[in-house]
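Summary of structural features
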Amino acid sequence: MSPTLLHRKLSTSAISDIYTKVMEGKRLSFDDGVRLWKHPSLTDVGALANLVRETKNGNDTFYVRNQHINYSNICNKGCKFCSFYAQKGGPDPYRMTMDDVRAKLERTKHLPVTEIHMVAGIDKKLPYQYYLDLLDTVHAIRPDAHIKAFTMVELIHIQSIAGKPMTEMLLELKAHGLASLPGGGAEILTDRVHDLLFQRKETAAEWLETAKTAHRAGLPTNATMLYGHIETVEERTIHLMKLREAQDETGGFFTFIPLAFSSPGTQLEHIPPTTGELDLRVIAVSRLMLDNFPHIKAFWMMCTPPVAQSAQWYGADDIDGTIVTYTITHEIDKDSDSQNLSQQKLVEMILEAGRDPVERDAHYNRIVRDDSSTLVAKKQLPLPMAH
Ligand code: V47
């Protein structure tokens, strides 16, 4: 559709007032958010989100060469949506020793990874020193990689065993190589969903406070939303607005990642998989509500590669990633090192989707490589344009 026709269509649609607000750079309200979830035309909502996406990030789609390490699946939280933790009838328990971590990193050292993503269950037996050793071990083998590790719930636990104030502990982890935090564990930031699905984990207020404390300590984070289970559209809207408010305060969030709920092996096995319609709508509504987030990421592992491609026209500007091994939701052999999506495959997917692939580092700097795939330069991206 030509740009003129598109603008005419949106300006005469049932969400024309929201279209006008977006065009004028005005912030969307709670009611606007709820209407976007309910508006019958996904195409309208997606087209509007795409206008914002292209203003902020042009035709670029970012990807990262990353590696996930889930260092322990022992957890005491019992979240109803989780199939990752060791339990009777579920996965066997494992806890990686430093030798295991070292061996895994050595085996995959040939991969030009720029980011290591480490999260795990709340494993009470691990002492504070384990976390410092973990960072030291990764840093020793991958000195140039950015270490993104520990969700807010892990940080709250680590702080309880470190016996120091949160900021002091964060600075210590930082001195051992921690560079940013992933966005996991936010789930849905309302007390109702917390009490029903993950009551032993931190509350919404604690998740947000910990994220803001990390930002103030110089550690940027991501933010996620787990959708497609028992949450209402109002709760999704509240979740996005709480993140937007926190971002206003600290500016510390890099990117927002919606996570499609996968029920097999969880206590919510009766819940069907999310539809492509919902996956794309979540990307689009997030893009429109989170006006102060520079990036929206499609995590192909959860929403599938084809949906991650389409998402690039519904508000997303990032596809995560090469990953290597991911064990949070899928029954993947934790000892396997096969790259789940090669860099070449990711680039092909982005080109096929009609976007320009841009390899980025964890800070969204553009990575330039020579023919042998050696990193030769990083180019600072201009700051995202306000729409
Ligand atoms: O915190 C758990 C979610 C998260 C299930 O920051 C589930 O770049 C779906 O946070 N179905 C961990 N999701 C993953 C995560 C993440 C992933 C990719 C990139 C980034 C980033 C962060 O996975 C958990 C939880 O919210 N999760 N169980 C499930 N059954």
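These figures come from a predicted structure and were not determined experimentally.

Okay, the domain arrangement of the protein chain next. The assigned domain composition of the protein chain is domain 1 (3-54) and domain 2 (59-375). Measuring from the centre of the C-alpha atoms in domain 1 to the corresponding centre in domain 2 gives 29 Å. Opposite the 22 residues of domain 1 that make contact, domain 2 presents 31 residues. Buried surface at the junction of domain 1 and domain 2, both sides included, amounts to about 2200 Å², of which 64% is carbon and sulfur. When the buried area of domain 1 at its contact with domain 2 is split by residue, Arg27, Trp37 and Arg53 rank highest and sum to 41% of it. The interface formed by domain 1 and domain 2 includes four salt bridges. Among the ionic pairs, arginine 27 bridges to aspartate 291, the shortest N-O distance being 2.8 Å. The tally of links from domain 1 across to domain 2 stands at 13 residue pairs in polar contact (both at pLDDT 80 or more). Those elements that place two or more of their residues in the side of domain 1 that touches domain 2 are helix 3 (30-38) and helix 4 (42-57). Here the side of domain 1 that touches domain 2 gets nine residues from one element, more than from any other, and that element is helix 4.

Rules behind the numbers
Residues numbered from 1 in each chain as written. Predicted model: local features only at pLDDT ≥ 70, side-chain atom pairs only at ≥ 80, totals over all residues. Heavy atoms only, no water. Domains from an automatic or database assignment. Contact = heavy atoms within 4.5 Å. Buried area = accessible area lost by both parts, 1.4 Å probe. Salt bridge = Lys/Arg side-chain N within 4 Å of Asp/Glu carboxyl O. Polar contact = N/O pair within 3.5 Å; in protein donor to acceptor, adjacent residues only side chain to side chain. Helix = DSSP H or I, 4+ residues; strand = E, 2+ residues; numbered from the N terminus.

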